[in-house]
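Structural overview
Given next are the chains, with one letter for each unit.
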Amino acid sequence: MEGGGGGGDEGRCSGSALFSGFRALGLFSSHIPHVVRYHGRHRRFYVTTCVGKSFHTYNVQKLSLVAVSNSVPQDITCLAADGRLVFAAYGNVFSAFSRNKEVTHTFRGHNAEINLLLPFGDHIISIDTDSILIIWHIYSEEKYLQLTFDKAVFKISTILHPSTYLNKILLGSEQGSLQLWNVKSNKLLYTFPGWSVAVTALQQAPAVDVIAVGLVSGQIIIHNIKFNETLMKFRQDWGPVTSISFRTDGHPVMASGSPLGHISLWDLEERKLINQMRNAHSTAIAGLTFLHGEPLLLTNGADNALRIWIFDGTAGEGRLLKFRMGHSAPLTKIRYYGQNGQQILSARMINKKQAKRKGLKNCESMKLPPITVFVAENARESDWDGIIACHQGRFSCSTWNYQKCTMGAYFLKPENWKKDKLHNTTATAIDITSCGNFAVIGLTSGNVDVYNMQSGMHRGSFGMNKAHEGAVRGVAVDGLNQLTITAGSEGLLKFWNFKSKMLIHTTNLNSSPNIILLHRDSGILGIASDDFSLSVIDIETRRTVREFFGHQGQINDMAFSPDGRWLISGSMDCSIRIWDLPSGCLIDCFLVDSAPVSLTMSPTGDFLATSHVDNLGIYLWSNISLYSLVSLRPLSPDYVPSVVMLPGTCYNEEVELLEEIEGPNDEMIDYDSPEQLNEQLLTLSLLPESRWKNLLNLAVIKKKNKPKEPPKVPKSAPFFIPTVPGLVPKYLSSEQDTNAQQSKVINLGVLAQKSDFCLKLEEGLNDNKYESPLNILKELGPSAIEIELRSLSPECGGSVKLMQSFLKMIGAMLTTKRDFELAQAYLALFLKLHLKILPSEPVLLEEMTTLSSHLEETWIHLQSLFNQSLCVLNFIKSALL
């Protein structure tokens, strides 16, 4: 993906350069009624629930997730299913999915939003909000029949296919009347006048010709449509009937749902209410279904919960058997837990412990206020509570236990505070030490207190009376429990000694801080201010090292990357920005549909997790830099970020397909580095150190590697490929082998004492080109290099001219400033081998003098570059930037 650019269209990016949407967590249900299917081959029931733009399929026996559908372009508005396919409507289009995942058919023809679907054999019936009914042939995707109803007279609200009624459907309306149609002959068979109120639910009873009609008034009518006779009536006191279902396991019981989340159970024989399941869901009952022949009831609602109830009691009441649920309200805080990056904590609101102790279920008085902030530490999780949370409007902080998944035993608050001081005082900032033994809590009154996590006892306060004059906006403790940092609304950042509680240093901030975040490993403190700016402070030097500007709204949360190089911030301007701390630049920015409320980075660096306004799920974004080449160029000031869709519950394959089609952009093209970037730069070779580093120690290495015993001749000598005689061993080719057999005349030229290296050095004296002999040395090992250099002397078959040519080759290497380390190693070995001969030869002595001055000049230049780099590095570490 492209990074930053210029203004206008050139400055717009197709998405985030660093993060790609992966999937959403914690989503299980919505306000769309579920669908139950029975698989004949598996002999199991499956339930399908809608989650935004996709749907989940669960095995009812274990309530385990078995499939996630591919995403559709818009939110799903209704679901339906038969024995083979699942149908999902979105907008004015609906699709058929096979294997609970893949779209196999898509039906287009409606002009309004589709709100009802009914499988009908090889056909599917769809109804939109304009009361236009279309019957489609599933496999040909062709229209079979279209019926148009006047919304003012008969606006369709529900549909049902009565059992044993061939080719017939029953329609309910908001006006209260019902119509029975024969869809094959396209005839209206009968109109039921109804009960003068809107019909909200239709359900087939176990008896033939009998249906249950749910009304907006709360009435449930058991009606015989064959004789147009009302058999019995019921009324629930909780508003309109949202759904109806009948037990088919031998008990004459009917269940009805309500908008308040309550379920009524009715005895059809005695015609009375036998039980109530109050607070089955915290929102309206979207759908409820009794499994055929089993005492199990499936329910789902907009509270993001899917529940299974079993009726095994003597009084006919249902008890919760299994459930899948997430948050029923938008999340306020999320944080990764542990170091493996596989657990995420999110805020919970209900005090389960007190509710269970008092025998109350989902009692409003037992609910805690929303959690505003929480921190966790797993160092002592097996010994005592390791999580502490602040609640909106509460003075005390609650503790939680991760291993037990329960609320802890303590509410941390000072013991000697008077009640008048508690008025309008709330906890706003918390932190837990890295050892897990202490918690630090900041209050709106300016007090900062320390508590023991094991006993819950108060262990001291910072400051004489209080730590800050204004409300405490943030607290942090370093990794060694030496330093405590507190931030107050009056614009002061204070550093305290954790043990003595004494003030060490105070820093004035340019604006009032909103939140602070400490990266303990690097000692870097991030501060988000009320003026929408970000500051980074080094807690060792207590100086501001970075400042960032760009957000146009309140900064809700921050996160550091595990290595401390990135600072990620989310703001109410719906942007998520990634700042590079070493360079001090914005390297990535993208917008989302809903403002991020909280964000956290995985300890392993592979995922970024976010939560958003009015969203119930946790959204994971994969770190592209871990598995792909990413250009981290700074974004220009006029960069215009683009909107990125929040990831769904299933990985979006279209993104991968789009990347394959687009191919690499200009920033991601392969870069071939030249052999030398610049003539003024010293360039090293690409040879491994084993080729040149030990040239001066070959004698010691050979002595250590000397065999203790002489080699033993094998009993049967192996086959060896014949070689050509000479100093450089070469394998004999097939042509040479044939010629050798044909002629027995010995060629004395093969006994020449000069190697290829020596011959190339002689050529170098004439043309002053030394690339060929240098390439020969690069291909040789350390022992072979020593043999070649030793053979340059007259005593070993060489000559003074060869030695002079070698020195010229070293001079050429220093002049071109290439293969610098090889020149040093080869020259050192040459001097070691021929130090006695060099002073006696004037030609070699003159060449050595020239080479010495050149070498000294090169090293002086290199030393100045080293000193300059060390000076800049020392300045960066200590200076105020």
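These remarks concern the structure in this document. Quantities reported herein were computed from a predicted structural model and do not represent experimental measurements.

Describing the pairing of strand β52 (residues 596-601)
Counted residue by residue, β52 has 5 buried out of 6 residues, so it is predominantly covered. Bridge count for β52 against strand β53 (residues 607-612) is 5 bridges, and the pairing is antiparallel. The residue bridging Met 601 from the neighbouring strand is Leu 608, located in β53. The turn joining β52 and β53, which pair antiparallel and follow one another in sequence, is formed by 5 residues; a positive phi near 80 degrees is taken by Gly 605.

With respect to the packing of helix α8 (residues 800-816) against helix α9 (residues 820-834)
Their axes nearest at 9 Å, the elements α8 and α9 cross at an angle of 155 degrees. As the angle between them shows, α8 and α9 are arranged roughly antiparallel. Crossing handedness for the pair α8 and α9: left-handed. Every residue of α9 that contacts α8 at Met 803, Phe 806, Leu 807, Ile 810, Met 813 and Leu 814 is listed here: Phe 820, Leu 822, Ala 823, Gln 824, Tyr 826, Leu 827, Phe 830 and His 834. Tallied by class, the residues present in the contact of α8 with α9 amount to 12 nonpolar, 2 polar and no charged.

Re the environment of Thr 406
Inspection of the secondary structure assignment puts Thr 406 in strand β35 (residues 406-412). For the pair Thr 406 and Asp 385, spaced 21 residues apart in sequence, the C-alpha separation works out to 9.5 Å. Other than its neighbours up to four places away in sequence, Thr 406 contacts Trp 400 and Asn 401.

Some points on the pattern of salt bridges
Enumeration over the complete set of coordinates arrives at 19 salt bridges. Here Arg 520 ties to Asp 431 by a salt bridge, and the two come within 3.3 Å at their closest N and O atoms. Highlighted residues: Arg 520 in the loop between β44 (513-519) and β45 (524-529) and Asp 431 in strand β36 (residues 427-432), separated in sequence by 89 residues. Between Asp 530 and Arg 473 there is a salt bridge; the shortest N-O distance is 3.4 Å. Linking Asp 530 in the loop between β45 and β46 (534-538) with Arg 473 in strand β40 (residues 472-477), this pair joins segments that are 57 residues apart in sequence. Note on Asp 530: relative accessible area 37%, which makes it partly exposed. One connected set of salt bridges, linked through shared partners, spans Asp 82, Arg 84 and Asp 122.

Focus: the sheet that holds strand β16 (residues 178-182)
With antiparallel pairing, the 4 strands of this open sheet are ordered in space as β14-β15-β16-β17. Here the strands that pair on one side only, and so sit at the sheet edges, are β14 (156-160) and β17 (187-192). On average, each strand axis in the sheet is tilted by 25 degrees relative to the strand beside it, whichever way the strands run.

So, the packing of aromatic side chains
The final tally for this structure, using the stated rule, is 19 aromatic pairs. Seen in terms of ring centroids, Phe 19 and Trp 566 are 6.4 Å apart; in terms of plane orientation they differ by 75 degrees. Their pairing is edge-to-face. Residue Phe 19 is found in strand β1 (residues 19-25), and its partner Trp 566 is found in strand β49 (residues 566-571); the two are separated by 547 residues along the sequence. Residues Phe 19 and Trp 566 agree in their burial class; the two are buried. Their ring planes at 45 degrees and their centres at 5.3 Å tell us that Phe 590 and Trp 621 sit as a pair that is tilted. Remark: Trp 621 occurs in strand β54 (residues 618-623) and Phe 590 occurs in strand β51 (residues 585-591); sequence separation between them is 31 residues. Like Trp 621, Phe 590 is buried. Here Lys 501 stacks its cationic end above the ring of Phe 462, 5.8 Å away from the centre of that ring. Above the face of the Phe 498 ring, Lys 501 is positioned so that its terminal group lies 5.5 Å from the ring centre.

Quick word on the pairing of strand β48 (residues 555-560)
Extensive coverage of β48 is indicated by the burial of 6 of its 6 residues. Here β48 pairs with β49 via 5 bridges, running antiparallel. Bridged to Phe 560 within β49 is Leu 567. The turn joining β48 and β49, which pair antiparallel and follow one another in sequence, is formed by 5 residues; a positive phi near 75 degrees is taken by Gly 564.

Considerations on unusual backbone geometry
Phi at Ser 196 takes a positive value of approximately 70 degrees, unusual for a residue other than glycine. Considering the arrangement of structural elements, one finds Ser 196 in the loop between β17 and β18 (199-204). Using a relative accessible area of 68% as the deciding quantity, one classes Ser 196 as exposed. At Asp 614, a position not held by glycine, the phi torsion is positive, near 60 degrees. Tracing the backbone through its elements, the reader meets Asp 614 in the loop between β53 and β54.

What to know about a nonpolar patch on the surface
There is a patch of nonpolar side chains on the surface, built from Val 872, Phe 875 and Ile 876 and spanning about 290 Å² of accessible area. Mapping Val 872 onto the fold places it in helix α10 (residues 842-878). On the basis of relative accessibility, which here comes to 45%, the residue Val 872 falls in the partly exposed class.

Describing the nonpolar core
Within the largest apolar cluster, 33 residues are counted, with the highest numbers of intra-cluster contacts made by Leu 761, Leu 792, Phe 806, Met 809, Ile 810 and Tyr 826. For this core, the secondary-structure elements that each account for two or more residues are α5 (756-767), α6 (771-779), α7 (782-790), α8, α9 and α10. Those residues in contact with Met 809 that sit more than four places away from it in its chain are Leu 761, Tyr 770, Pro 773, Leu 774 and Leu 777. Listed in part, the 22 residues of the second largest apolar core include Ile 568, Trp 621, Val 630 and Val 644.

Description of α8
Given a rise of 1.5 Å per residue, 17 residues ought to cover 24 Å, and the 25 Å separating the end C-alpha atoms of α8 matches this to within 8%. Taken together, the buried positions of α8 are occupied by Leu 802, Met 803, Gln 804, Ser 805, Phe 806, Leu 807, Met 809, Ile 810, Gly 811, Met 813 and Leu 814. Taken together, the buried residues of α8 touch α5, α6, α7, α9 and α10.

Focus: the side chain of Thr 683
Along the chain, Thr 683 falls in the loop between α2 (653-662) and α3 (698-704). Those residues in contact with Thr 683, other than ones at most four positions away along the chain, are Glu 675, Gln 676, Lys 817, Arg 818, Asp 819 and Phe 820.

Notes on the sheet that holds β51
Read across the open sheet, the 4 strands follow the order β48-β49-β50-β51; overall the sheet is antiparallel. At either margin of the open sheet sits one strand with a lone partner, and together these are β48 and β51. Ignoring strand direction, the axes of neighbouring strands in this sheet form an average angle of 20 degrees. In terms of strand pairing, strand β50 (residues 575-580) meets β51 through 6 bridges, oriented antiparallel.

Looking at the environment of Leu 635
In this fold, Leu 635 is placed in the loop between β54 and α2. Of the residues examined, Leu 635 reaches a relative accessible area of 13% and is grouped as buried. As a C-alpha pair, Leu 635 and Leu 586 span 49 residues in sequence and 5.8 Å in three-dimensional space.

Side note on the packing of α6 against α8
Any two packed helices are characterised by the angle at which their axes cross and by the distance between the axes. Closest axis-to-axis distance for the α6/α8 pair is 10 Å, and the angle between their directions is 90 degrees. Classified by the angle between their axes, α6 and α8 sit roughly perpendicular to one another. The segment α6 lies against α8, with Pro 773, Leu 774 and Leu 777 engaging Phe 806, Met 809 and Met 813. Of the residues assigned to the contact of α6 with α8, the class counts are 6 nonpolar, no polar and no charged.

Criteria and cut-off values
- Residues numbered from 1 in each chain as written.
- Predicted model: local features only at pLDDT ≥ 70, side-chain atom pairs only at ≥ 80, totals over all residues.
- Heavy atoms only, no water.
- Buried < 20%, exposed > 50% of the residue type's maximum accessible area, 1.4 Å probe, protein only.
- Helix = DSSP H or I, 4+ residues; strand = E, 2+ residues; numbered from the N terminus.
- Pairing = 2+ DSSP bridges.
- Axes fitted to C-alpha atoms, helices over the stretch in contact; angles between N-to-C directions.
- Parallel < 35°, antiparallel > 145°, perpendicular 65-115°, else oblique.
- Left-handed = near helix turned anticlockwise from the far one by under 90°.
- Contact = heavy atoms within 4.5 Å.
- Nonpolar A, V, L, I, M, F, W, Y, C, P; charged D, E, K, R; others polar.
- Salt bridge = Lys/Arg side-chain N within 4 Å of Asp/Glu carboxyl O.
- Phe/Tyr/Trp six-rings, centres within 6.5 Å; stacked < 30°, edge-to-face > 60°.
- Lys NZ or Arg CZ within 6 Å of the ring centre and 35° of its normal.
- Patch = residues over 30% accessible without salt bridge, like charges linked within 9 Å, V, L, I, M, F, W, Y side chains within 5 Å.
- Areas by Shrake-Rupley, 256 points an atom, 1.4 Å probe, with all protein chains shown as cover.
- Core = buried A, V, L, I, M, F, W, Y, C linked by side-chain atoms within 4.5 Å.
- Expected span 1.5 Å × (residues − 1).

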